[in-house]
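# A look at the structure
Below are the chains, spelled out letter by letter.
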Amino acid sequence: MGHKTLYFGLFCIFLAYYIYIPIPEGIEEPWKVQLLDASMKMISLTAMLLENMGIITYEEFYLTISSVLLTRPESDRNLTVLDMDFGGVPVRLYMPTGAAERRRPAVVFLHGGAFVMGSCKLEAYNFLNRMVANRLDAVVVGVDYRLAPQYHFPVPLEDCISAVKFFLQDEILRQYGVDPARVCISGDSSGGALAAQVVQALKNDPEFKDKIKAQALIYPGLQLFDTLMPSHMENEYGPILPRKVLIKLGCLYVTRDPALPQAMWRNQHMPQEHKHLLKFVNWSAFLPEKYKKSHVYTEPMTGIFNASYLHLVAHTSPLVANDSELQTLPRTYVLTCEHDVLRDDGLIYVTRLQNAGVNVTHDHVEDGFHGALAFINSPFHLNLGHRVKDKYISWLEENL
């Protein structure tokens, strides 16, 4: 009995050590955030253990947990909500029911989830998209693209492009009463990366380039070239999204090869032929001085790790678009959070867009952290989530 008590006590100490990190000073509702962060780490640890036991994969465990938060399409007196397909891609459509004085704006929302989990039907995204539709009197489309690793890159991106192209057809816009000059493509986290790539792709398409007025990117992850930026080091253990989880899930977007996360952890994963693209993600050139702090730039090592799929990494990273490609982009909203491992992706994109002459609005949330939009309704209600939501919707109101 004494040995069992000792082992249990040691296990509890280990578990507490594993899941506990100090919450950064100044964060609102710190005890709630501490509890949420500990819960996320417990889920990650459980997923890792079950995967190592061969019971279920890491990402499948996350999908199983999140499936309890999926919602049905529920219409009310203000909105008609329908699940349907756009170009063979599942979407959830939100349409205001009242008569409109003129054709309405539209928002296409691409959900986050590190490309491997999530859905526009999750409670938080459903709540957000309903609010956008109501506040803006807008048509909103949530896209349920196929997920990695069952469908590696470029399938998720191709699904998003297909759904957006379908929606932007003249006859479809007329059918839903949408003004073709007032469409925004938006997304959070990995959905922000997909939104940026969709806009980059379609701004060079003569059929669609004039139908995207704006893009909105909420704490987006925009590159996999450099995994040792200041934000990666400062927020290595979270909150909510640790660097280790970011790398593990990000790698699944292109491959299941377990060697890639190991190489990416050391920042030695890029092939030699992509060395010339590192200038576009060089944080020492693009980060504002206040975010550089005492960090010293070290260029990621190339040519050490070789695999046939590595050429895909460049194509998943909208941040490496050249300046001439950026110059044609529409007005842009970028929201970044201070305590976010992906913070510097957004900050660099803001600088590069500004340098290219793009109309950019940047909101930086000093006490923010990654995934805040997931915590805007019960049982995970955080004031931070509502502040991020309100900043996003206010920008849409002013710019659509």
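Before reading further, recall that the structure is shown in the block above.
What comes next concerns the included structure. (Residues numbered from 1 in each chain as written. Predicted model: local features only at pLDDT ≥ 70, side-chain atom pairs only at ≥ 80, totals over all residues. Heavy atoms only, no water.)

### Structural notes on the packing of helix α4 (residues 123–136) against helix α16 (residues 383–399)
The description of two helices packed together rests on the angle between their axes and the distance between the axes. Here is the rule: To get an axis, a line is fitted to the C-alpha atoms, and for a helix only the part in contact is used. The angle between two axes follows their N-to-C directions and goes from 0 to 180 degrees. Secondary structure elements follow DSSP: runs of H or I no shorter than four residues count as helices, runs of E no shorter than two count as strands, and numbering proceeds from the N terminus. Should the near helix be turned counterclockwise from the far one by less than a right angle, the crossing is left-handed, whereas a clockwise turn marks it as right-handed. The contact definition used throughout considers only heavy atoms, calling two residues in contact when any of these lie within 4.5 Å. Each residue gets one of three labels, nonpolar for Ala, Val, Leu, Ile, Met, Phe, Trp, Tyr, Cys and Pro, charged for Asp, Glu, Lys and Arg, and polar for the others, Gly among them.
Packing of α4 against α16 brings their axes to within 11 Å, and their N-to-C directions diverge by 35 degrees. In this structure, α4 meets α16 at a crossing whose hand is right-handed. Facing α4, whose interface residues are F127, L128, M131, V132, R135 and L136, α16 presents H386, K389, D390, Y392, I393, S394, L396 and E397. Taken together, the residues of the contact of α4 with α16 break down into 8 nonpolar, 2 polar and 4 charged.

### Quick word on the packing of helix α5 (residues 155–167) against helix α7 (residues 190–202)
Applicable threshold: The cut-offs work like this: below 35 degrees is roughly parallel, past 145 is roughly antiparallel, 65 to 115 is roughly perpendicular, and the gaps in between are oblique.
Two elements in contact, α5 and α7, have axes whose closest approach is 10 Å; the angle formed by their N-to-C orientations is 60 degrees. For the element pair α5 / α7, the angle class is oblique. Of the two elements, α5 crosses α7, and the hand of that crossing is right-handed. Where α5 approaches α7, its residues P156, L157, C160, I161, V164 and K165 are matched on the opposing element by L194, Q197, V198, A201 and L202. When its residues are assigned to classes, the contact of α5 with α7 shows 9 nonpolar, 1 polar and 1 charged.

### Side note on the environment of C184
Looking at the secondary structure, you find C184 in strand β5 (residues 178–188). Counting along the chain gives 54 residues from C184 to R130, while the straight-line C-alpha distance between them is 16 Å. With near-sequence residues (within four places) excluded, C184 lies in contact with A106, V107, V108, A214, Q215, A216, W395, L396 and L400.

### Quick look at α4
Stated formally: In this scheme, a helix's expected span is set at 1.5 Å multiplied by one less than its residue total. Here's how the labels work: a residue is buried when its accessible area is under 20% of the maximum for its type, exposed when over 50%, partly exposed in between, all with a 1.4 Å probe on protein chains only.
For α4, built from 14 residues, the straight-helix expectation of 20 Å at 1.5 Å per residue is met to within 8% by its first-to-last C-alpha distance of 20 Å. If you check which residues of α4 are buried, you get A124, Y125, N126, L128, N129, R130, V132, A133 and L136. On the buried face of α4, the contacting elements are β1 (79–86), β2 (89–96), β3 (104–110), β4 (139–143), β5 and α16. Just past α4, the residue D137 takes up positive phi, approximately 50 degrees.

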